[in-house]
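Observations on chain architecture
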Amino acid sequence: MTVKFSEDVVPLTDLKTNPGRVVKRVADSRRPVLLTSRGRGVAVVQSVAEFEAAEDARAFMRAVVEGLSDLEEGRDFSLREVRARLGLG
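Residues numbered from 1 in each chain as written. Predicted model: local features only at pLDDT ≥ 70, side-chain atom pairs only at ≥ 80, totals over all residues. Heavy atoms only, no water.

**Structural notes on the overall build of the protein**
Looking only at helices and strands, one finds four helices and three strands in the protein. Taking 2.2 N^0.38 as the reference for a compact globule, 89 residues should give roughly 12 Å; the C-alpha atoms of the protein span a radius of gyration of 22 Å, well beyond that estimate. Judged by the C-alpha coordinates and their principal axes, the protein covers about 65 × 25 × 20 Å. Here the protein holds 89 residues, and 12% of them are scored as buried. Sequence-distant contacts in the protein: of pairs separated by 6 or more residues, those separated by 24 or more amount to 38%. By element, 56% of the accessible surface of the protein is carried by carbon and sulfur atoms, the whole surface being about 7200 Å². Placing the 15 positive and 14 negative side-chain charges of the protein at their respective mean positions leaves the two points 7 Å apart. (Helix = DSSP H or I, 4+ residues; strand = E, 2+ residues; numbered from the N terminus. Rg over C-alpha atoms; globule rule 2.2 N^0.38 Å. Buried < 20%, exposed > 50% of the residue type's maximum accessible area, 1.4 Å probe, protein only. Contact = heavy atoms within 4.5 Å. Areas by Shrake-Rupley, 256 points an atom, 1.4 Å probe, with all protein chains shown as cover. Lys, Arg positive; Asp, Glu negative; His and termini not counted. Charge placed at Lys NZ, Arg CZ, Asp CG, Glu CD.)

As structure tokens, then:
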């Protein structure tokens, strides 16, 4: 997903005037819209599906970083140790 600032910037007054048009724009373009007030970014509007996908990606990346950190710090277990801890023999 790439934000195109030439197309994806909407003044807050446009959202107040016609929120349906802004939501439709987000749905049609599948890109977030940056809302501005007095020329400054104040909020982002994006679809729920895109928000959830981005959250999932961030959670995955945090887990990868945490896992790599655990490996670097020697906090790892063999498969045998994990099975024993879980009572799987």
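That covers the picture; the talk isn't over yet.
**Details of the nonpolar core**
Formed by Val 10, Val 22, Val 26, Val 33 and Leu 35, the largest nonpolar core amounts to five residues. Those residues within four positions of Val 10 in sequence are excluded, and the remaining contacts are Val 22, Arg 25, Val 33, Leu 34, Leu 35 and Thr 36. (Core = buried A, V, L, I, M, F, W, Y, C linked by side-chain atoms within 4.5 Å.)

**A few points about unusual backbone geometry**
One can expect most non-glycine residues to show negative phi and most peptide bonds to be in trans. One non-glycine residue, Arg 30, adopts positive backbone phi at about 60°. As for its position among the elements, Arg 30 is in the loop between helix H2 (19-29) and strand E2 (33-37). Relative accessible area serves as the criterion here: at 57%, Arg 30 is assigned to the exposed category. Despite not being glycine, Arg 38 shows a phi value in the positive range, around 55°. If you trace the backbone, Arg 38 turns up in the loop between E2 and strand E3 (40-45).

**Structural notes on the sheet that holds E3**
Here three strands make up an open sheet; going across it, the order is E1-E2-E3 and the pairing mixed. The open sheet is flanked by strand E1 (9-11) and E3, the only strands paired with a single partner. Taking each pair of neighbouring strands and ignoring which way they run, the sheet shows an average axis angle of 35°. As judged from the three bridges shared by E1 and E2, these two strands associate in the parallel manner. Residue pairing in the sheet places Val 10 in a bridge with Leu 35 of E2. Lying over the sheet, H2 contacts E1, E2 and E3, oriented at roughly 145° with respect to E2. (Pairing = 2+ DSSP bridges. Axes fitted to C-alpha atoms, helices over the stretch in contact; angles between N-to-C directions.)

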